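Overview (structure and organization)
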Amino acid sequence: MIQDVLTVARKEWLEIIDQLLRFKRGGWSILLVVLFLGVISPLQMGTTWLSSPLMFFYWPLLTSSMTSTLIADSIAGERERHTLETLLASRLPDAAIISGKILAAVLYGFTFAALNLAIGWTVVNVRHYAGELLWIPLPRVASLFALIVAGSFFIAGLGVFVSLRAATVRQAQQTFGVIILVLMMTPVLFVQLTSTDFQVRVLARVGTMGLEALSFRIAAAIGGIAVLLNLFAIQRFRRGRLSLD
Amino acid sequence: MTVPAIRVAGLVRDFPKVRALDRLTFDVPPGIVFGFLGPNGAGKTTVIRVLLGILEPTEGGAEVFGLDPRRHGSTVRARAGALLEHNGVYERLSAVQNLEFYARAWHMNAGDRNARIRDLLSQFGLWERRDEPVGDWSRGMKQKLAIARAVLHRPPLVFLDEPTAGLDPVASASLRDDLMRLAQQEGVTIFLTTHNLAEAERLCALVGVIRRGKLLDFGAPTALRSARGAPVVHIAGHGLDDALLADLAGITPVASLERDNSGVVVRIAPDGDVPAIVAWLVARGVGIEEVRRDHLSFEDVFLELVSSDGTPPGVRAHTPPAREGR
């Protein structure tokens, strides 16, 4: 089973790499993101880039966004490019196909985040080197990556459902975009509906807890939901029930 | 008793607005090329999907090597290779990467995998371009790659849905030879769908003809021809006017007739004979220039089976029967 999952994930990665290497067909866009997040942003923020609380917001968001583009393509893309039926005619188990696609998408987001963080860290150190290397505190890195991985798995689990039902990649991306927007807006709307007193109490609690601890707790909650979502996605993916056309 | 490679029993598959398969029943013995023929939308692809366990039947069932694809889909697919309606190649990947992905999926070990990929790509003339993204290839090349993929893991059963579509005549002939060799020498069962009826007649030991989900006929192509292929006669001459032909259509030896470019094509009734027809025409002043007796082609038999209006074969203006001995 693990061998089959890795086989599917490997194939997905080969396709991603090909797409990234095709510079004229959109491969350049990824370099633009790397340039902005890995170079320009650290240069602008300086050493605060290493400790800014904003990283708990935009890194998971960025990673989830990268994961979402790939996962939306996972089944809908195979269907649109007429490769799904042949894939289903192979001996690969249902669970291995969907797990391999989820794994590839999560790894894609994670690798992208890790790579950009590494580039950003290098840029900050090159620009502000004063005899010793500047580091992001380990608990912060750990909690950040916990949030990134949990967020990516959550998005991947959700995206599989969208991709399973969509006829085309465009349809999957549009539907998924709306769902992500709703998910992002829900906490904002929720906060607006609560009393000022409640908001003050929550902020005080967060203040005493620390960003890292809060991040771990959010990651655990999202991770829990992600596990359920992914298990449900794996259970739902049955070749006999799929629309092939 | 030999277990059939494929057994289909009372198979029904309904889609929301249409019954795609309507109580299909047939057996395919192992080690032969079986041709599954029918017009577009007849249900051929649906049968293949059910047999591969990627579509569930509504009623009835199917077995592949004695296994129910619903319950033993993984085992069935492990023993089958498939080129389906679309070639299913990954266009962003190279030929080697395409085959390697499926070889890994079939759990072929690295040594066997590499040797087999090299052999197949060389056999299909694709080795020189093995590292190019397949998206840049011609349709025929992609089709060859898809066929290589279908036989990659040496399965005992291969489903080929229109395998020669997009191939040039030389490649098609070569593929036909390969398919015959696979069936005759290696005992592989080949389930073939094709619109090329001459190809089906040449290759297939058995054929099934399907239309609107119903099996219309089943048997060896020669048996289908002899069962339905009543002789026809081409008569060329002068004086074959419309009024005369209308009278001719009514005489006992004639089952039906239609004009063709040079005269008339007459389908002989079961107890009819040609001299009586010729004598009838001569007696009415027709100057006979040529009388040629033919048998119906397999294509005519097929068209008769699937024609919805019941028009008998051999009398269509654009489908003249083939010469005897073809």
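Throughout this description, residue numbers start from 1 for each chain and increase along the sequence as written. The lettering of chains begins at A and the numbering of ligands begins at 1, in the order of writing. With the structure being a predicted model, the display of local features is reserved for residues of pLDDT at least 70 and the display and counting of side-chain atom pairs for 80 or more, all residues being used for whole-chain, interface and lining totals. The basis for the side-chain values is all heavy atoms of the structure; hydrogens and waters are excluded.

Okay, helix 4 (residues 110-123) of chain B next. One full turn of an α-helix is made of 3.6 residues, so residues set three or four places apart face in the same direction. All names here are of chain B. The terminal C-alpha atoms of helix 4 lie 20 Å apart, and with 14 residues this matches the ideal 20 Å at 1.5 Å per residue to within 8%. We call two residues in contact when some of their heavy atoms are within 4.5 Å. A run of H or I in DSSP counts as a helix once it spans at least four residues, and a run of E counts as a strand once it spans at least two, with each numbered from the N terminus. The elements touched by buried residues of helix 4 are helix 3 (95-105) and helix 5 (139-151). With its phi angle positive at about 70°, Gly125 sits one or two positions after the end of helix 4. Take the residue count of a helix, subtract one, and multiply by 1.5 Å to get its expected span.

A common way to express how large an interface is: the accessible area buried when the components associate. Taken together, the contact pairs 30 residues of chain B with 29 residues of chain A. Interface of chain B and chain A: buried area, both sides summed, is about 2,800 Å²; carbon and sulfur atoms make up 56% of it. The working definition used for a salt bridge is a side-chain nitrogen of Lys or Arg within 4 Å of a carboxyl oxygen of Asp or Glu. Seen at the junction of chain B and chain A, the total is two salt bridges. Pairs of N or O atoms within 3.5 Å make up the polar contacts considered here, provided that, within protein, one atom can donate a hydrogen while the other can accept it, and that residues adjacent in sequence are counted only when both atoms are side-chain atoms. At the surface where chain B touches chain A, the tally comes to nine residue pairs in polar contact (both at pLDDT 80 or more). Within the side of chain B that touches chain A, the residues separate by chemical class into 14 nonpolar, eight polar and eight charged. By definition, the buried area sums, over both parts, the 1.4 Å-probe accessible area that each loses when the two are put together. We call Asp, Glu, Lys and Arg charged. Ala, Val, Leu, Ile, Met, Phe, Trp, Tyr, Cys and Pro are nonpolar, and the rest, Gly among them, are polar.

Now for helix 3 (residues 55-80) of chain A. Residues and elements named next belong to chain A. End to end, helix 3 covers 36 Å across 26 residues, agreeing with the expected 38 Å (1.5 Å per residue, within 8%). Each residue is assigned a bend, namely the angle between axes fitted to the seven residues that terminate at it and the seven residues that start at it. At Ser74, helix 3 shows its strongest bend, of approximately 45°. A positive phi of about 60° marks His82, the residue just after helix 3.

Let's shift gears to a nonpolar patch on the surface. Nonpolar side chains (Val, Leu, Ile, Met, Phe, Trp, Tyr) within 5 Å and like charges within 9 Å form the patches, drawn only from residues with over 30% relative accessible area and no salt bridge. Here the accessible surface of atoms and residues is derived via Shrake-Rupley with a 1.4 Å probe, and residues count as covered only by protein chains that are part of the display. Together, Trp28(A), Leu32(A), Leu35(A), Phe36(A) and Ile40(A) line one region of the surface with nonpolar side chains, adding up to about 490 Å² of accessible area. Residue position: Trp28(A) is located in helix 2 (residues 27-45).

Domain borders in the structure are assigned automatically or taken from a domain database. One can read the domain layout of chain B as domain 1 (6-79 + 155-225 + 303-307) and domain 2 (230-295). The C-alpha centroid of domain 2 of chain B is placed 39 Å from the C-alpha centroid of domain 1 of chain B.

On to the packing of helix 6 (residues 138-165) of chain A against helix 9 (residues 211-236) of chain A, then. Residues and elements named next belong to chain A. Fitted lines through C-alpha atoms give the axes, limited to the stretch in contact for helices. The angle between two N-to-C directions lies from 0 to 180 degrees. Between helix 6 and helix 9, whose axes approach to 7 Å, the crossing angle comes to 25°. The pairing of helix 6 with helix 9 is recorded here as roughly parallel in orientation. Crossing geometry of helix 6 relative to helix 9 is assigned as left-handed. Classifying every residue of the contact of helix 6 with helix 9 by side-chain character gives 22 nonpolar, six polar and three charged. The scheme is simple: roughly parallel for angles under 35 degrees, roughly antiparallel for over 145, roughly perpendicular for 65 to 115, oblique for anything else. Should the near helix be turned anticlockwise from the far one by less than a right angle, the crossing is left-handed, and should it be turned clockwise, the crossing is right-handed.

Turning to the confidence of the model for chain A, a few remarks are in order. As a per-residue quantity, pLDDT reports the predictor's confidence and falls between 0 and 100. Here chain A averages 86 in pLDDT, and 96% of its residues register 70 or above. Per-element confidence in chain A ranges from a low mean pLDDT of 83 for helix 2 of chain A to a high of 92 for helix 4 (residues 84-88) of chain A.

Let us now look at the side chain of Thr7(A). Its place among the elements puts Thr7(A) in helix 1 (residues 2-21). Type-normalised accessible area, obtained with a 1.4 Å probe on protein chains alone, sets the label of each residue: buried when under 20%, exposed when over 50%, and partly exposed for intermediate values. Here Thr7(A) falls in the buried class, since its relative accessible area comes to 5%. For Thr7(A), the residues in contact, after removing those within four places along its chain, are Phe101(B), Arg104(B) and Ala105(B).

Let us look at unusual backbone geometry. Leaving glycine aside, a negative phi is the common case for residues, and trans is the common case for peptide bonds. Residue and element names in this part refer to chain B. Phi at Arg23 takes a positive value of approximately 50°, unusual for a residue other than glycine. Within the element layout of this structure, Arg23 appears in strand 2 (residues 18-28). Here Phe65, not a glycine, exhibits a phi torsion of approximately 50°, which is positive.

What follows covers the pairing of strand 10 (residues 232-238) of chain B. Residues and elements named next belong to chain B. In terms of residue burial, strand 10 counts as a mostly covered element, since six of its seven residues are buried. Two strands pair under a simple rule: DSSP has to find at least two bridges between them. As defined by bridge partners, strand 10 adjoins strand 12 (residues 263-268) across five bridges and the pair is classed as antiparallel. Pairing of His234 across the sheet is with Val265, part of strand 12. Pairing analysis gives seven bridges linking strand 10 to strand 13 (residues 287-294), with the strands arranged antiparallel. The residue bridging Val232 from the neighbouring strand is Asp294, located in strand 13.

This next bit is on a positive patch on the surface. When charges are counted, neither His nor the chain ends are considered; positive counts come from Lys and Arg and negative counts from Asp and Glu. To locate a charge, take atom NZ for lysine, CZ for arginine, CG for aspartate or CD for glutamate. The grouping of Arg165(A), Arg236(A), Arg238(A) and Arg241(A) at the surface amounts to a positive patch. By the secondary structure assignment, Arg241(A) is in the segment after helix 9.

Let's shift gears to the pattern of salt bridges. Tallied over the entire structure, the rule returns 27 salt bridges over all chains. With a closest N to O distance of 3.2 Å, Glu15(A) and Lys11(A) form a salt bridge. Of this pair, Glu15(A) and Lys11(A) both sit in helix 1, four residues apart, which is roughly one turn of the helix. For Glu15(A), a relative accessible area of 5% puts it in the buried group. Relative accessible area serves as the criterion here: at 1%, Lys11(A) is assigned to the buried category. Note that Arg259(B) and Asp242(B) form a salt bridge whose closest N and O atoms lie 3.2 Å from each other. Residue Arg259(B) is located in strand 11 (residues 254-259), and its partner Asp242(B) is located in helix 9 (residues 242-248); the two are separated by 17 residues in the primary sequence. Judged by relative accessible area, which is 56%, Asp242(B) ranks as exposed. Salt bridges sharing common partners tie together Lys11(A), Glu12(A), Glu15(A), Glu78(A) and Lys101(A).

What follows deals with the sheet that holds strand 7 (residues 189-193) of chain B. Residues and elements named next belong to chain B. An order of 5-6-7-3-8-9 is seen for the six strands of this open sheet, with the pairing classed as mixed. Edge positions in the sheet fall to strand 5 (80-83) and strand 9 (214-219), since each has one partner strand and no second. Direction aside, neighbouring strands of the sheet carry axes that sit 15° apart on average. Pairing analysis gives four bridges linking strand 3 (residues 33-37) to strand 8 (residues 206-211), with the strands arranged parallel.

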